[in-house]
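Take a look at the letters that make up each chain.
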Amino acid sequence: MSASNVKQQLLTFGNPEKAEHSKYFFKTGKGQYGEGDKFIGCTVPESRSVAKANKYLSFEELKKLLNDEYHECRFCALIILTEQFNKANKEKRKEIADFYLANAHRVNNWDLVDVSAYNILGEWLLDKDRSILYRLSESENLWEQRISVVSTLAFIRKNDLADTLKLSEKLLSHKHDLMHKACGWMLREAGKRDEKTLTGFLDKYYKIMPRTMLRYSIEKLSPEQKKHYMQK
């Protein structure tokens, strides 16, 4: 198994029309968040099937995939890494989490973050110090900032909501829509676990929250609640 073999397998699924659409969907134009990213044009299920067939890939080869110019190579590497983490013992999980953090700058689009952050970093930090998330939230790298918030989904699923609220509060003034969406998504998920916790946060901040963050966070509330919070 090697990175080059994985790439060749992905290339067999290449679809120029889908690749062109992905360039638009993931905002690869000049000045956009995915500027310069390249696509093979394979589907997520196709990428997952390649990942499954190469699930024992080494860190050395995974790093090559993460540094590949093609988005799907990076996606495939993260799926493999997630599966390895799921089956690993505690010692190996630490190695995977460390590897993930060392290469976080290559987890460089929202789908790559969302498929890996909570499954690897979030799960690893469930019973550990979480200060790394606050350091990531202060990174100059947008994707590392998104990792910080999306990782908390692992905590939310254990009914542990505190870090989601703290990070969302910390990022209220963030300028990028992708962070507004990430925080709003996590707040919505927190609200599904404990609506009072969500409404308490909203009562405090809804008048100053970015509209996108607010809209995402109130999606599961009642029509009356939505109407109340959308009135500023």
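Everything below is about the structure printed above this text.
Below you will find a few notes about this structure. What you see is a predicted model, and the numbers here were worked out from it, not measured in a lab.

Scoring rules and cut-offs
- Residues numbered from 1 in each chain as written.
- Predicted model: local features only at pLDDT ≥ 70, side-chain atom pairs only at ≥ 80, totals over all residues.
- Heavy atoms only, no water.
- Helix = DSSP H or I, 4+ residues; strand = E, 2+ residues; numbered from the N terminus.
- Buried < 20%, exposed > 50% of the residue type's maximum accessible area, 1.4 Å probe, protein only.
- Polar contact = N/O pair within 3.5 Å; in protein donor to acceptor, adjacent residues only side chain to side chain.
- Phe/Tyr/Trp six-rings, centres within 6.5 Å; stacked < 30°, edge-to-face > 60°.
- Contact = heavy atoms within 4.5 Å.
- Salt bridge = Lys/Arg side-chain N within 4 Å of Asp/Glu carboxyl O.

1. Description of the environment of D129
Looking at where D129 falls in the secondary structure, it is placed in the loop between helix 7 (110-124) and helix 8 (131-137). On the basis of relative accessible area, D129 is assigned to the exposed category, the value being 57%. Here the side chain of D129 touches S131 through a polar contact of 2.4 Å, side chain to side chain.

2. A few points about the packing of aromatic side chains
On inspection of all chains with the given rule, the structure shows 8 aromatic pairs. Ring geometry for F25 and W110: centres 5.9 Å apart, planes at 65°, overall edge-to-face. One end of the pair, F25, is in helix 2 (residues 16-25); the other, W110, is in helix 7, with 85 residues separating them in the sequence. Under the relative-accessibility criterion, F25 is labelled partly exposed at 42%. Put simply, the rings of F25, F26, F39 and W110 pair up and form one aromatic cluster.

3. Considering helix 9 (residues 142-150)
Of all 9 residues making up helix 9, 9 are buried, and the element is well covered by its neighbours. Residues of helix 9 that are buried: L142, W143, E144, Q145, R146, I147, S148, V149 and V150. Against helix 6 (90-102), helix 7, helix 8, helix 10 (153-156), helix 11 (162-170) and helix 12 (177-193) lie the buried residues of helix 9. For helix 9, the N-terminal capping position is held by N141, with its side-chain oxygen 2.8 Å away from the main-chain nitrogen of W143.

4. Brief notes about the pattern of salt bridges
All told, the structure shown has 16 salt bridges when counted by the stated rule. The shortest N-O distance in the salt bridge between D114 and R146 comes to 2.8 Å. Here the residue D114 occupies a position in helix 7, and R146 occupies one in helix 9, the gap between them amounting to 32 residues. Of the two residues, D114 and R146, both sit in the buried class. Among the ionic contacts, a cluster of salt bridges with common partners joins R188, E189, K192 and E219.

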